[in-house]
There are 2 protein chains.
Amino acid sequence: MEKPQVFLDLIKHRGLLLLQWVLLSLVVGALAGSASAWLLLALEWATDYREAHTVIIWALPVAGIVVGLLYHYYGADVVKGNNQIIEEALEPQKIIPLKMAPLVFIGTVATHLFGGSAGREGTAVQMGGAIADQFSSWFGLRSLDRKILLAMGVGAGFASLFGTPVTGAVFALEVLIIGRMRYEALLPAFMASIVANYVADLWPIAHTHYHISEVPHIDLQGVFWTLVLGVVFGLTARLFSKATHFWGNLFKKYVGYPPMRPFIGGAIIALIVYLMGTTKFIGLGIPTIVASFEQPMGQADFLIKILLTSFTLGAGFKGGEVTPLFFIGATLGSAMVWLVPLPVGLLAGMGFVAVFAGATNTPLACLIMGVELFGAESIVYTGLACVMAYLSSGHSGIYGSQRIGSPKWRHNTHKKGQRLG
Amino acid sequence: MEKPQVFLDLIKHRGLLLLQWVLLSLVVGALAGSASAWLLLALEWATDYREAHTVIIWALPVAGIVVGLLYHYYGADVVKGNNQIIEEALEPQKIIPLKMAPLVFIGTVATHLFGGSAGREGTAVQMGGAIADQFSSWFGLRSLDRKILLAMGVGAGFASLFGTPVTGAVFALEVLIIGRMRYEALLPAFMASIVANYVADLWPIAHTHYHISEVPHIDLQGVFWTLVLGVVFGLTARLFSKATHFWGNLFKKYVGYPPMRPFIGGAIIALIVYLMGTTKFIGLGIPTIVASFEQPMGQADFLIKILLTSFTLGAGFKGGEVTPLFFIGATLGSAMVWLVPLPVGLLAGMGFVAVFAGATNTPLACLIMGVELFGAESIVYTGLACVMAYLSSGHSGIYGSQRIGSPKWRHNTHKKGQRLG
């Protein structure tokens with residue numbers, strides 16, 4: 001009679017564990033998904049308002065100093081943002097304060113309203129992570145459980161922001177350690193991401209759709225060009241990461257008082273936008289991303305976006321990097337139609353996901369993002385481009401707290417276990 | 001002047017490394033892809049011949065003893081098949097003899113020609129792995145390089161057999177260690193899989209297409225049913241793995257001389273097929289798999305297929321497990337349309353990939369297989385079903401040599417590092 005009892009205990013134990021994570025994913029998913037939906041609604045409003053009243057951009061330095069003061073006096077313990085979440089998920093030490101969520105929300109909307117160039121996924125990930133982490137203290141969860149909760153929050157935030165549930169889950173598993181993936185949080189991350197995406201869609205939001213109109217059957221020539229493009233996209237991702245760190249260090253070196261950095265940076269950005277005479281390169285830049293899939297973009301568009309975004313974020317404005325990375329990749333891919341014998345939409349799609357893969361070191365999440373955004377037909381092109389971009393960006397990335405699990409190149413074996421820094 | 005020199009050295013070093021893997025993947029991909037294509041052609045011929053001359057099934061015991069003698073006197077060092085490749089990739093010791101490829105080819109075609117119930121992916125993986133491993137000695141490659149070569153062979157074989165290049169690559173990375181993925185072989189596995197799939201398609205073969213005609217937008221009810229189905233599919237996978245080991249152990253215990261096992265087993269199968277009066281459950285069973293997507297299958301179909309396949313393989317016949325797993329999952333999913341309020345095609349598709357995920361412990365490869373075979377629309381259903389089936393199959397699987405990297409359930413922490421056995 002012993003074996004049936006052991007078996008029943010096993011069922012009960014696993015059933016309870018399963019129930020706990022399913023219920024938590026419903027709650028975390030609902031909260032993080034709603035937060036993402038509100039962010040999307042706020043950013044839509046902010047973007048529309050700014051485009052209708054571009055004079056507001058002159059107030060960017062003021063918005064900058066306000067956000068800077070807010071973080072300096074009230075948010076010093078949440079200022080590390082995405083890196084803070086990665087660090088806590090790698091080595092749990094201190095629960096992330098819930099105020100990370102409203103602070104990054106306000107900071108991001110202000111950045112976009114007044115014309116900074118930034119993204120939004122960092123915001124969703126920080127909101128999701130901060131919300132999920134609150135349950136760590138409520139439930140008295142252990143270190144492993146906290147890691148799982150943070151993965152749920154990251155996945156839920158990412159998934160609901162872009163309308164890509166599976167990508168969100170895989171991103172949460174893949175982003176911590178470069179070159180490795182671990183499955184402890186597999187089901188909770190999937191559940192939270194799917195629920196968050198479902199709940200976000202209950203709000204009156206619309207995710208942007210991108211369309212690759214033509215995907216030729218891949219042959220060896222196509223493989224060759226995809227490898228070449230992958231290298232280009234990877235080096236571009238590396239340039240973006242280095243540029244963000246460069247501006248950040250420059251501001252730190254020459255402007256001692258943190259709140260002054262976005263003030264000065266905001267003034268410079270406002271001036272640049274005035275001189276350029278276009279708002280094409282500030283904000284999220286979604287109309288340009290969509291257009292990249294239809295027609296060739298300018299050869300220098302991606303460089304201008306790299307400069308403006310890395311400068312905006314380096315100066316201390318809030319927001320994410322991912323939508324600008326989409327902009328950079330899509331415009332660069334689109335512009336290469338003159339050189340590469342592949343359709344413009346496919347080139348834009350490859351750049352869209354591959355630059356992101358190189359900058360975040362998450363090739364499989366980006367491969368799946370290609371599927372969720374563009375459909376299954378282009379998976380070989382986008383997948384191989386993501387893999388090659390991942391290798392070519394080297395040990396660089398926008399998340400300095402990522403740890404190197406499997407070095408990308410064999411002569412870098414000594415880097416194993418290090419942080420990107 | 002030192003920095004530019006270091007930089008040039010880096011470019012040269014990485015460029016050469018890249019060139020080496022790209023060239024190797026062209027060769028390995030071309031050979032493994034062609035081997036898969038020949039296997040597909042041979043199996044098509046064998047299946048057609050058997051269906052036209054079903055009397056041949058009475059010769060199954062004779063085919064069994066011939067294959068048994070062949071392996072006993074000539075193939076003792078390649079008889080472990082897929083597990084041998086997994087073991088060598090985990091702990092490289094001895095190059096896999098090339099004869100593994102022709103032996104498993106002959107054994108598999110004989111199994112299908114004379115009416116055993118088996119698959120084909122094991123054959124393709126063993127051919128790809130054995131072919132790739134030959135380059136280990138030719139090039140004097142090191143241990144890490146041998147692991148990468150084996151991943152290329154596994155990916156190339158799998159990819160070209162099913163026409164799913166990205167799935168093949170991810171499967172090769174995911175199959176070694178349960179609950180972990182490592183990216184050392186990322187690019188070589190992708191390249192070899194894509195090239196193998198391309199080369200296989202140059203031969204006059206056709207991959208089977210499966211069609212999910214209707215995918216409802218997922219809501220919480222859909223999530224609930226997907227979790228329930230995932231548990232059912234995972235337990236079914238576990239049953240299949242246990243059944244294969246059960247028959248294998250039974251034959252070992254009662255039949256001392258290995259070549260006699262498939263003789264006796266073949267006689268029993270021939271008798272069962274005669275009594276059932278149908279060839280629906282032997283061979284690959286592709287017509288039934290395709291039909292599962294269109295209409296509800298019988299409630300017991302999956303059980304009969306589990307019995308026949310586990311018995312065939314346990315008796316020592318050659319072939320793979322994956323196509324029977326597709327059969328089992330698709331018919332079971334399809335049969336559950338009476339209980340679960342989801343379209344029959346979607347249920348069949350979920351079962352198709354999820355039972356496979358549970359039996360091989362490769363949830364992400366199976367998620368991607370769903371995309372490559374059925375398109376992007378069903379990814380949330382198939383993905384979540386694969387994740388849940390992976391968890392529910394526990395620490396069981398058809399590859400006993402898989403190592404447990406991250407235990408699936410927290411009270412199994414002590415199993416970390418063990419082989420499935």
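Labelled according to an unreviewed UniProt entry, chain A appears under the name Chloride channel protein, originating from Sediminicola luteus. Its UniProt record gives chain A a comment under Subcellular location (unreviewed entry), which states: "Membrane".

Participant: Explain the overall build of chain A residue by residue, including any values.
Facilitator: Along chain A, the regular secondary structure elements total 16 helices and 3 strands. By the compact-globule yardstick of 22 Å for 421 residues, chain A fits well, its C-alpha radius of gyration being 21 Å. Projected onto its principal axes, the C-alpha coordinates of chain A cover approximately 80 × 55 × 50 Å. Burial status across chain A gives 64% buried among its 421 residues. Residue pairs in contact within chain A that sit at least 24 positions apart in sequence constitute 78% of those at least 6 positions apart. For chain A, the exposed surface amounts to about 15100 Å²; the carbon and sulfur share of it is 66%. In chain A, 27 positive and 22 negative side-chain charges are present, and the distance between their average locations comes to 12 Å.

Participant: How would you sum up helix 3 (residues 82-90) of chain A? Please name residues and give values.
Facilitator: Extensive coverage of helix 3 of chain A is indicated by the burial of 8 of its 9 residues. For helix 3 of chain A, the set of buried residues is Asn82, Gln84, Ile85, Ile86, Glu87, Glu88, Ala89 and Leu90 of chain A.

Participant: Before we move on, could you go through the relation of the copies chain A and chain B and cite the residues and values that matter?
Facilitator: With an RMSD of 0.0 Å, chain A superimposes on chain B once it is rotated by 180° and translated 0.0 Å along the axis. In symmetry terms, the pair is related by a two-fold rotation axis. A high fraction, 100%, of the interface residues of chain A reappear at the interface in chain B, so the copies pair face to face through one surface.

Participant: Describe the interface of chain A and chain B, and please don't skip the residues or the numbers.
Facilitator: Reports often express the size of an interface as the amount of accessible area lost when the parts come together. Residue-level contacts link 57 residues of chain A with 57 residues of chain B. Surface buried jointly by chain A and chain B totals about 5000 Å² across both partners, of which 77% is contributed by carbon and sulfur atoms. The three residues of chain A that bury the most area against chain B are Arg14, Tyr183 and Arg410 of chain A, which together make up 15% of that side's buried surface. Applying the counting rule to chain A against chain B returns 0 salt bridges. Summed over the shared surface of chain A and chain B, the result is 7 residue pairs in polar contact (both at pLDDT 80 or more). Contributing elements (two or more residues each) for the side of chain A that touches chain B: helix 1 (2-52), helix 7 (165-174), strand 2 (180-182), helix 8 (186-200), helix 9 (220-254), helix 15 (363-374) and helix 16 (379-392) of chain A.

Participant: Let's hear about unusual backbone geometry: which residues, and what values?
Facilitator: Residue and element names in this part refer to chain A. Of note, the phi angle at Asn361 is positive, near 60°, even though the residue is not glycine. Examined against the element boundaries, Asn361 turns out to sit in the loop between helix 14 (344-360) and helix 15. Judged by relative accessible area, Asn361 falls into the buried class, the value being 1%.

Participant: Please set out the pattern of salt bridges residue by residue, giving values where relevant.
Facilitator: Going through the model one piece at a time under the given rule, you end up with 20 salt bridges over all chains. Measuring nitrogen to oxygen at the nearest pair gives 2.8 Å for the salt bridge that ties Arg403 of chain A to Glu91 of chain A. Here Arg403 of chain A, found in strand 3 (residues 403-404), pairs with Glu91 of chain A, found in the loop between helix 3 and helix 4 (100-113); they are 312 residues apart in sequence, far enough to count as distant. In this structure, the salt-bridge partner of Glu87 of chain B is Arg419 of chain B, at a minimum N-O distance of 4.0 Å. With a gap of 332 residues between them, Glu87 of chain B in helix 3 (residues 82-90) and Arg419 of chain B in the segment after strand 3 (403-404) connect regions that are remote in the sequence. Note on Glu87 of chain B: relative accessible area 19%, which makes it buried. Given the relative accessible area of 32%, Arg419 of chain B is considered partly exposed.

Participant: Account for a nonpolar patch on the surface, naming residues and giving values.
Facilitator: A cluster of nonpolar residues, Leu16, Leu19, Leu23, Leu26, Val27 and Leu31 of chain A together with Leu220 of chain B, forms a patch on the protein surface that exposes about 590 Å² of accessible area. The dominant element in the nonpolar patch, judged by the number of residues it contributes, is helix 1 of chain A, at 6 residues. Looking at the element boundaries, Val27 of chain A is found in helix 1.

The rules behind each value
Here, residues in each chain are numbered from 1, in the same order as that chain's written sequence. Starting at A for chains and at 1 for ligands, labels are handed out in the order in which the entities are written. Whole-chain, interface and lining totals are the exception, using all residues; otherwise, since this is a predicted model, local features are given only for residues with pLDDT of at least 70 and side-chain atom pairs are given and counted only at 80 or more. Note: side-chain values were computed over all heavy atoms of the structure, leaving out hydrogens and water. UniProt positions are given in the numbering used here, feature names are shortened, and annotations may be inferred rather than shown by experiment. Numbering of helices and strands starts at the N terminus; helices are DSSP runs of H or I of at least 4 residues and strands are runs of E of at least 2. Only the C-alpha atoms count toward the radius of gyration. The rule for a globule is 2.2 Å times the residue count to the power 0.38. Burial status follows relative accessibility: with a 1.4 Å probe on protein chains alone, a residue under 20% of its type maximum counts as buried, one over 50% as exposed, and anything between as partly exposed. Contacts between residues were defined by any pair of non-hydrogen atoms, one from each residue, lying within 4.5 Å. Per-residue and other accessible areas were derived by the Shrake-Rupley procedure at a 1.4 Å probe size, with only the shown protein chains allowed to occlude residues. Lys and Arg are tallied as positive, Asp and Glu as negative. Neither His nor the chain termini are counted. By convention, the charge on Lys lies at NZ, on Arg at CZ, on Asp at CG and on Glu at CD. In this comparison the copies share one frame, found by least squares on the C-alpha atoms of residues holding pLDDT of at least 70 in both. Buried area counts how much accessible surface, traced with a 1.4 Å probe, disappears from two parts once they are put together, with both parts' losses summed. A carboxyl oxygen of Asp or Glu within 4 Å of a side-chain nitrogen of Lys or Arg is what we treat as a salt bridge. Nitrogen and oxygen atoms within 3.5 Å of one another constitute a polar contact, given that in protein one can donate a hydrogen and the other can accept it, and given that sequence-neighbouring residues count only through two side-chain atoms. Any residue with relative accessible area above 30% and no salt bridge may belong to a patch, with like charges joined within 9 Å and the nonpolar Val, Leu, Ile, Met, Phe, Trp and Tyr side chains within 5 Å.

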